[in-house]
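Topology and contacts: notes
Each chain, letter by letter, is given below.
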Amino acid sequence: MQNAAAAMAAAARPAAIAAAAGSSDYYARLLQLCQTAANPSAGRAIHAHAIKAGLLVSAYLCNNLLSYYSGAGVCGGSFGDARRLFEEIPAARRNVFTWNTLLSMYAKSGRLADARTVFAEMPERDAVSWTIMVVGLNRAGHFWEAVKTFLDMVGEGLTPTQFTLTNVLSSCAATEARGIGRKVHSFVVKLGLSSYVPVANSVLNMYGKFGDAETAKAVFDRMPVHSLSSWNSMVSLYARQGRMDLAVSMFENMEERSIVSWNAVIAGYNQNGLDGTALKFFSRMLSDSSMEPDVFTATSVLSSCANLRTLKMGKQMHSYILRVGIPYSGQNQMTNALISMYAKSGSVETARKIMDQAVISDLNVISFTALLEGYVKLGDMKQAREIFDVMNNRDVIAWTAMIVGYQQNGQNDEAMELFRSMIKSGPDPNSYTLAAILSACASLACLDYGKQIHCKAIRSLQEQSVSVSNAIITMYARSGNVTLARRVFDRICWRKETVTWTSMIVSLAQHGLGEAAVGLFEEMVRVGVKPDRITYIGVFSACTHAGFVDKGKAYYEQMRNEHGITPEMSHYACMVDLLARAGLLTEAQEFIQQMHVAPDAIVWGSLLSACRVQKDAELAELAAEKLLSIDPDNGGAYSALANVYSACGRWNDAARIWKLKKDKAVKKETGFSWTHLHNKVHVFGADDVLHPQRDAIYKKAAEMWEEIKKAGFVPDLNSVLHDVDDELKEELLSRHSEKLAIAFGLISTPEKTTLRIMKNLRVCNDCHMAIKFISKVVKREIIVRDATRFHHFRDGFCSCKDYW
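Residues numbered from 1 in each chain as written. Predicted model: local features only at pLDDT ≥ 70, side-chain atom pairs only at ≥ 80, totals over all residues. Heavy atoms only, no water.

Thoughts on the side chain of K772
- By the secondary structure assignment, K772 is in helix α44 (residues 765–778).
- The class for K772 is buried, based on a relative accessible area of 10%.
- Residues within four places of K772 in sequence aside, it is in contact with F793, G796, F797, C798 and D802. (Helix = DSSP H or I, 4+ residues; strand = E, 2+ residues; numbered from the N terminus. Buried < 20%, exposed > 50% of the residue type's maximum accessible area, 1.4 Å probe, protein only. Contact = heavy atoms within 4.5 Å.)

So, helix α24 (residues 381–390)
- When we look at burial in α24, the residues that qualify are M381, A384, I387 and F388. The buried side chains of α24 occupy one side of the element, clustering within an arc of 120 degrees when seen end-on.
- On its buried side, α24 packs onto α22 (348–357), α23 (365–378), α25 (396–408) and α26 (412–425). (Arc of directions from axis to C-beta.)

What about the packing of aromatic side chains?
- Evaluation of the coordinates by the stated rule reveals 19 aromatic pairs.
- Here the aromatic rings of F220 and W231 are separated by 5.1 Å at their centres, their planes lie at 80 degrees, and the arrangement is edge-to-face. With F220 in helix α14 (residues 213–222) and W231 in helix α15 (residues 228–240), this pair connects stretches of sequence that are 11 residues apart. Taken individually, F220 and W231 each receive the classification buried, so the pair is uniform in this respect.
- Judged by centre distance (6.3 Å) and plane angle (45 degrees), the rings of F540 and Y556 are tilted. Here Y556 lies in helix α34 (residues 549–561) and F540 lies in helix α33 (residues 533–546), a separation of 16 residues in the sequence. (Phe/Tyr/Trp six-rings, centres within 6.5 Å; stacked < 30°, edge-to-face > 60°.)

Describing the nonpolar core
- Core analysis: the biggest nonpolar cluster contains 180 residues, and L371, L372 and L607 have the highest contact counts within it.
- Each residue touching L371, except ones within four places of it in the same chain, is listed here: I339, A343, V348, A351, R352, M355 and I387.
- Core analysis: the next-biggest nonpolar cluster, separate from the first, contains 27 residues, I697, L740, I757 and I782 among them. (Core = buried A, V, L, I, M, F, W, Y, C linked by side-chain atoms within 4.5 Å.)

Some thoughts on the sheet that holds strand β4 (residues 782–785)
- With mixed pairing, the 6 strands of this open sheet are ordered in space as β2-β1-β3-β4-β5-β6. For this open sheet the edge positions go to β2 (680–685) and β6 (797–798), each flanked by a neighbour on one side alone.
- One ladder, built from 2 bridges, connects strand β1 (residues 672–677) with strand β3 (residues 755–759); its direction is antiparallel. Within β3, the position partnered with S673 by the bridge is K759. (Pairing = 2+ DSSP bridges.)

Regarding the packing of helix α12 (residues 178–190) against helix α13 (residues 197–210)
- Viewed as axis vectors pointing N to C, α12 and α13 meet at an angle of 160 degrees, and their least axial separation amounts to 11 Å. The angle between α12 and α13 falls in the class roughly antiparallel. The element α12 and its partner α13 pack so that their crossing is left-handed. Of α13, the residues touching α12 (which contributes R178, G181, R182, H185 and V188) are V199, V203, M206, Y207 and F210.
- Within the contact of α12 with α13, the residues separate by chemical class into 6 nonpolar, 2 polar and 2 charged. (Axes fitted to C-alpha atoms, helices over the stretch in contact; angles between N-to-C directions. Parallel < 35°, antiparallel > 145°, perpendicular 65-115°, else oblique. Left-handed = near helix turned anticlockwise from the far one by under 90°. Nonpolar A, V, L, I, M, F, W, Y, C, P; charged D, E, K, R; others polar.)

Let's talk about the packing of helix α27 (residues 431–444) against helix α28 (residues 447–459)
- Interhelical geometry of α27 versus α28 gives an angle of 160 degrees and a closest axis separation of 9 Å. When the axis of α27 is compared with that of α28, the two are roughly antiparallel. Considering the relative orientation of α27 and α28, their crossing is left-handed. Contacts between α27 and α28 involve L434, I437, L438 and C441 on the former and, on the latter, Y449, G450, I453 and A457.
- Looking at the contact of α27 with α28, its residues break down into 7 nonpolar, 1 polar and no charged.

Focus on the pattern of salt bridges
- Inspection of the entire model under this criterion finds 29 salt bridges.
- Salt-bridge contacts for D653 lead to R656; the nearest nitrogen and oxygen are separated by 3.5 Å. With D653 and R656 both in helix α40 (residues 651–663) and 3 residues apart, the pair spans about one turn of that helix.
- Exposure remark for R656: the relative accessible area of 42% places this residue in the partly exposed category.
- One salt bridge in this structure joins E731 and R735, with 3.6 Å as the shortest N-O distance.
- On the basis of relative accessibility, which here comes to 36%, the residue E731 falls in the partly exposed class.
- Overall, the relative accessible area of 26% leaves R735 in the partly exposed class.
- Within the structure, one salt-bridge network assembled from shared partners comprises E252, R257, R284 and D288. (Salt bridge = Lys/Arg side-chain N within 4 Å of Asp/Glu carboxyl O.)

Digging into the pairing of β2
- Bridge count for β1 against β2 is 6 bridges, and the pairing is antiparallel. Across the sheet, residue T675 finds its bridge partner in β2, namely H682.

A look at unusual backbone geometry
- The phi dihedral of L461 is positive, around 65 degrees, even though this residue is not glycine.
- Its place among the elements puts L461 in the loop between α28 and α29 (466–478).
- The class of L461 is exposed, set by a relative accessible area of 57%.
- Its identity as a non-glycine residue notwithstanding, K752 has a phi of 70 degrees, on the positive side.
- Within the secondary structure layout, K752 lies in the loop between α43 (737–748) and β3.
- Given the relative accessible area of 73%, K752 is considered exposed.

Side note on the environment of M758
- If you trace the backbone, M758 turns up in strand β3.
- Residues contacting M758, with those up to four places away along its chain left out, are L444, A445, R478, F672, S673, W674 and R785.

Some points on the state of the cysteines
- Here the structure, examined in full by the defined rule, presents 0 disulfides.
- Not part of a disulfide, C446 finds its nearest cysteine sulfur in C441, a span of 5.5 Å.
- A relative accessible area of 0% means that C446 is categorised as buried.
- With no disulfide of its own, C543 has C574 as its nearest cysteine by sulfur position, at a separation of 10.0 Å.
- Look at C543 and you get buried, because its relative accessible area is 0%. (Disulfide = S-S within 2.5 Å.)

Here we look at helix α20 (residues 311–324)
- The terminal C-alpha atoms of α20, which comprises 14 residues, lie 20 Å apart, in line with the 20 Å expected from a rise of 1.5 Å per residue.
- Elements in contact with the buried residues of α20: α18 (275–288), α19 (295–308), α21 (332–344) and α22.
- Within two residues after α20, G325 carries a phi angle of roughly 80 degrees, on the positive side. (Expected span 1.5 Å × (residues − 1).)

Remarks on the side chain of N167
- One can find N167 in helix α11 (residues 162–175).
- A relative accessible area of 7% means that N167 is categorised as buried.
- With near-sequence residues (within four places) excluded, N167 lies in contact with V134, V135 and N138.

Focus on the environment of I472
- Along the chain, the position of I472 falls in helix α29.
- Classification of I472 as buried rests on a relative accessible area of 0%.
- When the C-alpha positions of I472 and G450 are compared, they lie 7.9 Å apart, and in sequence the two are 22 residues distant.

Considering the confidence of the model for the chain
- In this model, the chain carries an average pLDDT of 84, and 87% of its residues clear a pLDDT of 70 or more.
- Every residue in residues 1–22 is under pLDDT 50, and counting partners more than four places away or in other chains gives 20 contacts.
- Ignoring residues within four places in sequence, the model shows residues 72–77, a span with pLDDT below 50, making 6 contacts including any to other chains. (pLDDT = per-residue confidence, 0-100.)

Some points on the pairing of β4
- Alternating positions in β4 separate into two faces, I782 and V784 on one and I783 and R785 on the other, with burial throughout.
- Bridge count for β3 against β4 is 4 bridges, and the pairing is parallel. Each bridged residue has a counterpart across the sheet, and for I757 the counterpart in β4 is V784.
- Handedness of the β3-α44-β4 crossover: right-handed.
- As paired elements, β4 and strand β5 (residues 790–794) share 4 bridges and run antiparallel to each other. Bridged to V784 within β5 is H791. (Right-handed = clockwise from strand over helix to strand, strands pointing away.)

See the structure below:
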């Protein structure tokens with residue numbers, strides 16, 4: 001700097017310069033000193049004095065001036081000065097160095113269009129010219145063009161330099177140009193540069209990017225000197241491949257380590273699902289080394305905390321980031337990792353605050369999806385949808401997360417609407433998407449739309465997925481078409497798993513096909529598929545509705561003794577239901593007393609329901625008392641006990657229970673029914689007045705009511721729980737939600753069409769009897785799915801045989 005200052009001072013005194021030197025060499029040395037000092041104004045002063053001295057006839061001085069201006073251009077924006085000087089140099093005095101200087105200025109600054117123009121205009125090119133282009137293209141990310149330029153250079157017969165080779169090897173690695181990369185490696189060997197550490201490291205890094213660990217290791221073993229970069233390349237390669245034993249072995253053999261070394265191992269554990277080990281290795285880094293975590297360390301640690309849902313350690317990492325000042329406001333990776341960690345660990349609001357402080361365009365789909373799923377778990381679908389709507393480049397995972405969220409939170413209509421949008425403008429659905437939307441179709445009993453999804457699954461080969469095929473079976477079964485469900489089941493017999501067999505067994509049981517369900521279970525055991533706890537729930541249900549008491553008992557013992565499944569409350573409830581419905585109330589009561597856990601409301605509820613069928617008021621009182629001690633607001637207990645009294649002819653007791661229920665202000669769950677027609681779900685409540693076709697529906701319901709009464713139907717006035725006169729009771733019965741849904745179906749579909757009605761509660765006695773008569777009068781099959789099972793009404797009979 002002192003020499004440069006002296007030179008600049010001298011440049012300010014023309015007389016002194018003229019006296020000291022009359023040649024251009026002196027000015028060239030001054031320019032070189034000015035370049036070191038990075039002082040543009042001093043360089044211009046020297047340029048001016050050289051012009052006055054008439055020294056610009058020297059090609060050497062002109063090249064130094066051009067080199068000065070082009071260097072200043074990269075740092076200070078003197079591109080115009082350099083270009084003007086180049087144009088002022090006579091063509092006769094421009095040599096390769098002159099052209100290369102201008103070319104380098106444009107290439108280093110990323111002005112590749114200008115660099116290409118200069119390169120094309122050059123009358124002569126040397127190895128430096130080609131290298132400048134290769135380096136510029138590689139650094140700008142134009143990897144394929146860099147490789148092509150290198151090949152053209154070799155085709156011209158020029159020998160690449162070490163710098164050329166390191167850059168073209170980098171481009172080969174970036175584009176995974178394996179064939180060309182191996183040829184470049186041959187050049188390295190032929191030129192005797194294998195021992196030159198920067199080139200050898202580039203070869204090693206290239207094979208590492210290719211994932212060719214064997215060749216990379218061979219290159220590493222042949223290197224006479226291993227730099228820190230060499231070791232890090234091998235550790236990173238093994239870690240990326242999941243070969244953590246080899247990665248750690250290389251790491252332990254390193255004499256010197258950098259933060260890159262530690263990051264490679266921590267990231268390797270994280271990316272290979274070994275998050276606990278990643279955190280332990282991070283703790284070792286803090287205790288055994290002097291390394292300070294950087295943004296890459298923090299990102300991997302936060303990712304492991306997110307996967308393990310370890311909010312405490314995630315907060316500690318966040319505090320560390322803030323304490324030591326690791327910047328993350330401009331670090332996309334860090335911000336995304338923090339959002340994912342907090343969202344996955346249940347601290348959704350903190351994740352949202354970080355997102356609100358970030359630039360939306362900096363966030364990736366992974367962090368958005370983690371936040372979305374966090375709101376879904378909380379059941380806050382409004383917030384989840386807000387996150388979904390602001391996402392850019394939503395991938396199939398984000399769409400699926402939103403659809404699954406709607407479906408799991410009972411918003412099946414919204415799930416189906418979003419799925420339709422996905423088909424129109426989103427990515428192709430994957431197996432998880434299809435399984436979720438099929439579940440939504442099953443819940444709404446949208447058979448026609450479910451068939452369309454099934455066709456899409458077949459066309460996209462997604463039907464082969466276990467989750468999709470099981471969802472298809474369930475969709476058909478829950479939509480009332482158990483025949484199609486069985487057809488799908490039989491077609492995938494070659495890859496059935498436990499869950500597939502279970503889906504079909506449960507479906508058959510729910511449709512009252514107990515014998516078929518039991519037969520399928522026997523076949524399942526015979527072919528060696530092991531049943532699980534849910535399988536046995538389906539089998540017990542089948543035995544209950546088919547009256548197979550002895551088989552049910554045998555399966556209960558088989559479940560415990562042969563398959564080692566410890567009975568759960570749902571199994572106990574099934575067995576109580578099996579025994580009680582078969583009239584074995586005493587045995588059912590003894591079974592409850594022998595249970596290893598205290599019976600819950602479901603167990604007592606099963607016994608109470610059976611007491612109605614068996615007209616055992618005394619046991620019903622006990623069951624109701626136990627049930628209400630567990631769940632005082634259970635309106636079903638009051639209703640069931642009152643029904644038992646009514647069935648036994650104890651009207652005063654029944655009235656007392658209804659009054660007790662009213663006095664305690666116990667509310668009954670609102671009942672509603674729905675049917676899916678013309679791509680729309682139509683929902684009806686009792687005495688519904690909201691449907692746009694209400695007048696036509698009520699007219700049809702009234703006609704239907706009169707027709708079945710003429711056919712011999714007698715309304716069950718005891719099913720009305722209100723203290724009103726018989727005429728009003730009958731009117732209320734005629735407008736139960738399932739009857740209105742059937743009336744709507746009759747006026748909206750062609751004759752002989754099967755009607756499919758869904759109900760959220762158990763169908764009442766009056767409706768059950770009425771629908772049997774309706775099916776006979778209108779000559780249609782009517783399938784009703786209530787809270788517990790399916791009822792197939794045909795020609796005046798029900799598949800449940802009046803035992804539900």
